[in-house]
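Analysis of the macromolecular model
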Amino acid sequence: MIKYCTNCLFPSTKPDLLFNNDGICNACTNYWNRPEINWESRSQEFKKIVKWIKSTNYWDCVIPVSGGIKKLKQIEKLLSIGADKISINTISYYDDKFIKEAVYNFGSQCIVGSIDYRLIENKRICFSHSGQKNENKELENWISELEQLGVGELLITPINLDGTMNGYDIEMLEKIATKVSLPIICSGGCGSYEDMLKAIKAGSDGVAAASIFHFTELTPYGAKLFLSEHNIPIRS
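Residues numbered from 1 in each chain as written. Predicted model: local features only at pLDDT ≥ 70, side-chain atom pairs only at ≥ 80, totals over all residues. Heavy atoms only, no water.

For the rest of this paragraph, the subject is the overall build of the protein chain. If you tally the helices and strands in the protein chain, you get 10 helices and 10 strands. Once local pairs closer than 6 in sequence are excluded, the contacts in the protein chain between residues at least 24 apart make up 54%. Surface exposure of the protein chain reaches about 13,800 Å², of which carbon and sulfur atoms provide 51%. (Helix = DSSP H or I, 4+ residues; strand = E, 2+ residues; numbered from the N terminus. Contact = heavy atoms within 4.5 Å. Areas by Shrake-Rupley, 256 points an atom, 1.4 Å probe, with all protein chains shown as cover.)

Following this line, the structure appears as structure tokens:
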């Protein structure tokens, strides 16, 4: 029997192990009980990461940062120590003034609208709080709202596919690509270089991948080479 979390709708066949008495899954419980972000400590850690990147041969890359951002001073701090782009998700649903101010102060090219969604009854529904809270907004409608707020690009992740390496949500890309004026970065589900090519041909301007670089022999360099061989313009 499959039971669903009453908060994030995560499915499980072992509800006694993964859910509390209120029907909330462990991931949601852990999220709500997490400690506040220590921004000074985070800034120092990020500074170390930037320093390491600059010391390697991989410096010619864009460095995006995300997670817990809800103040202009946080954005300013991250940019001052090396971030190129700031990806914002949760606060977008509750404070559109903040998004407009971020775009005004730092430029639309710097502010990325991050969207996490789940496929629920054939509808793509947006979630916030690291995929734990259902915002009851359909993907296409929320994209339109973010466009109006002035973000410079979109990072779109299907929670159902994230980490599975079963391929991107190509159907979603084909559906929205002609309707969206902003650059799209698709994320979640990449399992091969071919998946990247399919996503780009479906309308994505960029692709994000993680699991294939952690758990397979595939590499970012190999991805660039493969895409270049298929006539996809790649930053060297």
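Burial along strand 4 (residues 85-88) is two-sided: the residues Lys 85 and Ser 87 and Ile 86 and Ile 88 are all buried. Handedness of the crossover is the feature at issue here: the chain leaves strand 3 (residues 64-66), passes through helix 4 (residues 72-80), returns alongside strand 4, and the resulting connection is right-handed. Bridge count between strand 4 and strand 5 (residues 111-120): three bridges; the pairing is parallel. Among the inter-strand pairings, Ile 88 is bridged to a residue of strand 5, identified as Gly 113. (Buried < 20%, exposed > 50% of the residue type's maximum accessible area, 1.4 Å probe, protein only. Right-handed = clockwise from strand over helix to strand, strands pointing away. Pairing = 2+ DSSP bridges.)

Let us look at the nonpolar core. Counting residues in each nonpolar core, the largest one holds 52 residues, and the members touching the most others are Ile 75, Ile 86, Ile 111, Ile 115, Leu 154 and Ile 156. Leave out the neighbours within four places in its chain, and Leu 154 touches Val 112, Gly 113, Ile 115, Ile 143, Leu 146, Val 180, Leu 182, Pro 183, Ile 184 and Ile 185. (Core = buried A, V, L, I, M, F, W, Y, C linked by side-chain atoms within 4.5 Å.)

On to the confidence of the model for the protein chain. In the predicted model, the protein chain carries a mean pLDDT of 87, and 82% of its residues have values of at least 70. Taken element by element, the protein chain is modelled with least confidence in helix 1 (residues 15-18), mean pLDDT 60, and with most confidence in helix 8 (residues 193-201), mean pLDDT 98. (pLDDT = per-residue confidence, 0-100.)

Looking now at the packing of aromatic side chains. With the rule as written, the count across this model stands at three aromatic pairs. Ring centres of Tyr 93 and Trp 142 lie 4.3 Å apart, and the angle between their planes is 10°; this geometry places the pair in the stacked category. Linking Tyr 93 in the loop between strand 4 and helix 5 (96-106) with Trp 142 in helix 6 (residues 139-149), this pair joins segments that are 49 residues apart in sequence. Among the aromatic residues, ring-to-ring pairing joins Tyr 93, Tyr 94 and Trp 142 into one connected group. The positively charged end of Arg 118 is found above the aromatic ring belonging to Phe 127, 5.0 Å away from the centroid. (Phe/Tyr/Trp six-rings, centres within 6.5 Å; stacked < 30°, edge-to-face > 60°. Lys NZ or Arg CZ within 6 Å of the ring centre and 35° of its normal.)

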